[in-house]
Amino acid sequence: MTELTSMSALDQARLIREKKISAEELLNETLAQVKKVDGRPGSLEEYIEQPEDKEKVHAFILITEESAREKARAVDRKVAAGEELGPLAGVPYSAKDVYCTKGIQTTAASRILDGYHPPYTSTVIQRLERADAVLFGKANLDEFTFGGSNETTAFKPTVRNPWALDHVPGGSSGGSAAAVAANEGAISVGTDTGGSIREPAAFTGTVGLKPTYGRVSRYGVIPFASSMDSMGPITRTVADAAAVLREIAGFDPNDSVTGRVPVDNYPEELKKGVKGMRIGVSPDYMRITYLDENGNYSSTAIDPEIESCVRKALRIYKDLGAEIIEDVPMTNTKYSVPAYFVITRIEAYSNLQRYDGLKYGHTTKRPVEDMYDLYYKSRGEGFGYQAKLRLLTGLFASQEKFYEKYYLRAQRARAMLRNDFDEAFDPNGKYRLDVLLTPSTPTPAFQFGGVTATDPLLMQFADQFTSPMNFAGTPGISFPCGLSSEGLPIGLQAAGYDYCESKILRAAYAFEQATSDEDWRKVKPVVLR
Amino acid sequence: MKRSYLQLFEDPFDKIPYKKGDFMDNDAITKEMLDDFVHVAEVELSTEEFESILAKMNDQLTVIHELTAIPLEGNLPPVIHGNPFPEEIQAPLREDVWIPFEHPEDIISQAPRTQDGYIVSPDVPHQTLE
């Protein structure tokens, strides 16, 4: 029999429902897998790297064994009593440590939240609880989600990529993606503000879904940039992503940007295939565009192996009966980097002002003169370097005198980016796309430190293909499509229009099914070999 | 040791190949300005952090400046959220009813210093508004 921990969440749930295994047995197997591959969890203690640290994944900050066992036993009691079970009954899952969990430490990987035990639980976690899934751990991330490599976490050791332990797992949901890739749970929930679900999914050979803004509630999730924060699953199969989205999506009275839009039956929709679908590809997503030294726009081709993956996928889609639309213009993609930079810094500055050393989390132990001195010292000790840099840059950029010069222009760039999507997906327009197919990232995972990366230019733009969707508020899913010559996973992104998650899931699923027998699918991450 | 990752972390905007052009000089961030920001933002920096952040912020200005290439005229208004959020999918406003939190002690217990159900703060200095 296939190892339980390598199965999909839906297969695990089916075995529990059919009483072939118990939820507690599956939890035990999952915790044993964590013990085998994960090494010591992230911690605020002074970090001295040990040789064995380099051999482990370190996806977690906290394993919640006790509460997980309670939940697994409750599921087993329900099974025994013949009671109705949630769709994910007994499936162990982890959550990026920005999801507030009542009474369970929640850190955002920052010292400023040291010791914080939220008095409430986020909507996503409540809904997964209702689906009878079993939360067993809180995954490491970049501090406050600020980064694309997990290197900014205050909780060391840093997460390593299960496919190449000297490479980054991507970020900011790096712990979540690494855990799922290393069979430490079939599901993790992450967050995506500029690519933080899709980039680590691409880097670890997993499936990462960023839903439409407002499709999944942000309630109880520690924010980065509130106008773009999106919550979604990281899984090993497309069907699992569909099953999780079905549970977590929908209107929430506690989050006023969630839309009263019906939630599709994604697991059923998947099966509809791509026949007749219009799948587009854009030259603006096959190159990185930037301003050169003379202030002119230049562009660099993406990694040729990644480009050939896109081409291969297009051939597969064509064979499956999809209509391929070439040369869809997405010309404002180039503005995403500077506009994203300004808007996210300003929103991050605003969101970071709540941490004061007074109400919760870290407080200074040094003597203080007054309340402001307490803020000053506690925040100085509690925030990491990147958080400080971002909040100060946000403060700078949000000055009234720069409103028109920076902020207004960034908002306008956002409108222009959105316009690209409106035109490409307009059902009466020239292109009438159902799905836009893009690379998830311009390169595969890079090595720690970045300085040794072969092409640092591409690395800097790791989120140029993912942040436009956060700007536009539209959904995107990254799914594995092969391995590079170095043996690193490559991800493709199916991007869609507002609330059209079903279509991008269908595209990802069709590719997954059509390539299920390919050799690269048999290759496992190094930690599983 | 707590900031040991400084050596590891490469800010992705560090190496963008823009020339630090003179076009930016009028916006350059000075030590005095950063010192002000640090106090407005209430965040203490070590000497090394101050120097490093000052340099990084000035570097990043070149990225931000790229925005000035974006035309402001035309009929495309700036947007706060990407996807539209029409009234028909919005929830109606809630009744303005006070609903007490079930376990306020769980909130208070998170504060480092409390007394009789209140959070204890150091003195709040008197300030005269201008």
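Residues numbered from 1 in each chain as written. Chains lettered and ligands numbered in written order. Predicted model: local features only at pLDDT ≥ 70, side-chain atom pairs only at ≥ 80, totals over all residues. Heavy atoms only, no water.

**Student:** Before we go on, may I ask you to explain the overall build of chain B in this structure?
**Tutor:** Within chain B one finds three helices and two strands. Of the regular secondary structure in chain B, the N- to C-terminal order runs α-α-α-β-β. Looking at chain B alone, contacts between residues at least 24 apart form 55% of all its contacts between residues at least 6 apart. Counting every atom, chain B has about 8900 Å² of accessible surface; 54% of that belongs to carbon and sulfur. (Helix = DSSP H or I, 4+ residues; strand = E, 2+ residues; numbered from the N terminus. Contact = heavy atoms within 4.5 Å. Areas by Shrake-Rupley, 256 points an atom, 1.4 Å probe, with all protein chains shown as cover.)

**Student:** Sorry, what's going on with the interface of chain B and chain A here?
**Tutor:** Size of an interface: often given as the accessible area lost when the parts come together. Contacts between chain B and chain A engage 79 residues on the former and 97 residues on the latter. For the chain B and chain A pair, buried surface summed over both sides reaches about 7800 Å², with 65% attributable to carbon and sulfur atoms. Between E49 of chain B and K388 of chain A there is a salt bridge, with its nearest N and O atoms 3.0 Å apart. Inspection of the chain B/chain A interface yields 14 residue pairs in polar contact (both at pLDDT 80 or more). Of all the elements in the fold, those that place two or more residues in the side of chain B that touches chain A are α1 (31-40), α2 (47-65) and α3 (104-108) of chain B. For the side of chain B that touches chain A, the element with the highest residue contribution is α2 of chain B, accounting for nine residues. In terms of residue class, the side of chain B that touches chain A is built from 49 nonpolar, 14 polar and 16 charged. (Buried area = accessible area lost by both parts, 1.4 Å probe. Salt bridge = Lys/Arg side-chain N within 4 Å of Asp/Glu carboxyl O. Polar contact = N/O pair within 3.5 Å; in protein donor to acceptor, adjacent residues only side chain to side chain. Nonpolar A, V, L, I, M, F, W, Y, C, P; charged D, E, K, R; others polar.)

**Student:** Just checking my understanding: could you explain helix α5 (residues 174-181) of chain A for this structure?
**Tutor:** Since the α-helix turns once every 3.6 residues, residues separated by three or four places project in the same direction. Residues and elements named next belong to chain A. Among the eight residues that make up α5, eight are buried, leaving the element largely enclosed by the rest of the structure. Where α5 is buried, its residues meet β1 (60-63), β2 (92-96), β3 (134-139), β4 (187-192), α6 (198-204) and β6 (230-235). N183 lies just past α5 and shows a positive phi near 60°. (Buried < 20%, exposed > 50% of the residue type's maximum accessible area, 1.4 Å probe, protein only.)

**Student:** Sorry if this is basic, but what is going on with the sheet that holds strand β12 (residues 476-483) of chain A here?
**Tutor:** Strands in a sheet are paired, the pairing made by backbone hydrogen bonds, and the direction either parallel or antiparallel. Residues and elements named next belong to chain A. Judged by pairing direction, the sheet is mixed, and its 11 strands sit side by side in the order β1-β3-β2-β4-β6-β5-β12-β13-β11-β7-β10 without closing on themselves. Across the chains shown, the open sheet's two edge strands, defined by having one partner strand only, are β1 and β10 (323-325). Between one strand and the next, the sheet's axes are offset by a mean angle of 25°, whatever the strand orientation. Relative to β6, strand β5 (residues 207-210) runs antiparallel, the two sharing two bridges. Bridge assignment links V207 to a residue of β6, and that residue is T235. Contacts from helix α7 (residues 238-248) reach β4, β5 and β6, with the element oriented near 145° to β6. (Pairing = 2+ DSSP bridges. Axes fitted to C-alpha atoms, helices over the stretch in contact; angles between N-to-C directions.)

**Student:** For this particular structure, what's the right way to read the packing of aromatic side chains?
**Tutor:** Residue and element names in this part refer to chain A. What the rule picks out here adds up to 22 aromatic pairs over all chains. An angle of 55° between the planes, with centres 5.5 Å apart, marks the rings of F60 and F136 as tilted. Taken together, the positions of F60 in strand β1 and F136 in strand β3 put the pair 76 residues apart, joining distant regions of the chain. Aromatic side chains F402 and Y406 sit 4.9 Å apart centroid to centroid with 45° between the ring planes, which places their arrangement in the tilted category. When sorted by exposure, F402 lands in the same class as Y406, which is buried. Linked through ring pairs, Y116, F144, F146, F224, Y355, Y360 and F383 together constitute an aromatic cluster. The ring of F251 has R260 sitting right over it, with the charged end atom 4.6 Å from the ring centre. Positioned over the ring face of Y335 is K334, at 5.0 Å from the centre of the ring. (Phe/Tyr/Trp six-rings, centres within 6.5 Å; stacked < 30°, edge-to-face > 60°. Lys NZ or Arg CZ within 6 Å of the ring centre and 35° of its normal.)

**Student:** Could you clarify how one ought to interpret unusual backbone geometry in this entry?
**Tutor:** All names here are of chain A. Residues K156 and P157 are joined by a peptide bond in cis, for which omega reads 5°. Of note, P157 is situated in the loop between β3 and α5. For the peptide bond that leads from G171 to S172, omega is 10°, which places it in the cis range. You can see S172 is positioned in the loop between β3 and α5. Even without a glycine there, the phi angle at N183 is positive, about 60°.

**Student:** What's the story with the pattern of salt bridges in this structure? I'm lost.
**Tutor:** Think of it this way: side chains of opposite charge can pair up when their charged atoms draw near. All chains considered together, the criterion is met by 31 salt bridges over all chains. Between D255 of chain A and R218 of chain A there is a salt bridge; the shortest N-O distance is 2.8 Å. Of the two residues, D255 of chain A is situated in the loop between α7 and α8 (266-269) and R218 of chain A in the loop between β5 and β6; the sequence distance between them amounts to 37 residues. Judged by relative accessible area, which is 3%, D255 of chain A ranks as buried. Put simply, R366 of chain A and E44 of chain B hold a salt bridge, and the shortest N to O gap is 2.6 Å. Of this pair, R366 of chain A sits in the loop between α10 (336-352) and α11 (371-382) while E44 of chain B sits in the loop between α1 and α2, each in a different chain.

**Student:** Honestly, the pairing of β2 of chain A in this entry has me stumped. Any pointers?
**Tutor:** One face of the sheet, then the other: side chains in a regular strand alternate in exactly this way. Residue and element names in this part refer to chain A. Summarising burial for β2: five of the five residues are buried, a large majority. Pairing analysis gives five bridges linking β2 to β3, with the strands arranged parallel. Considered in β3, the bridge of Y93 is made with L135. Tracing the backbone out of β2, into helix α4 (residues 123-130) and back to the parallel element β3 gives a crossover that is right-handed. One ladder, built from three bridges, connects β2 with β4; its direction is parallel. Note that in β4 the partner of A95 across the bridge is V189. (Right-handed = clockwise from strand over helix to strand, strands pointing away.)

**Student:** What should I look at first to understand the confidence of the model for chain B in this one?
**Tutor:** A low pLDDT score tells you not to read the predicted coordinates there in detail. All names here are of chain B. Taken residue by residue, chain B gives an average pLDDT of 79. The fraction at 70 or more is 80%. The weakest mean pLDDT in chain B belongs to α2 at 90; the strongest belongs to α1 at 96. This stretch, residues 1-25, has a pLDDT under 50; its non-local contacts, to residues over four places away or in other chains, come to 63 contacts. Scoring the predicted complex yields pTM 0.94 and, for the interface, ipTM 0.92. (pLDDT = per-residue confidence, 0-100.)

**Student:** Looking at this structure, I do not really get the domain arrangement of chain A. What am I missing?
**Tutor:** All names here are of chain A. When cut into domains, chain A gives domain 1 (2-45 + 52-268 + 520-528) and domain 2 (337-405). For domain 1 and domain 2, the distance between their C-alpha centres works out to 28 Å. Counting residues at the interface gives 20 residues for domain 1 and 21 residues for domain 2. Carbon and sulfur atoms supply 65% of the area buried between domain 1 and domain 2, which totals about 1700 Å² over both sides. Together, I112, F146 and F224 form the three largest contributors to the area buried by domain 1 at its contact with domain 2, with a combined 39%. Applying the counting criterion to the domain 1 and domain 2 interface returns zero salt bridges. Applying the counting rule to domain 1 against domain 2 returns nine residue pairs in polar contact (both at pLDDT 80 or more). (Domains from an automatic or database assignment.)

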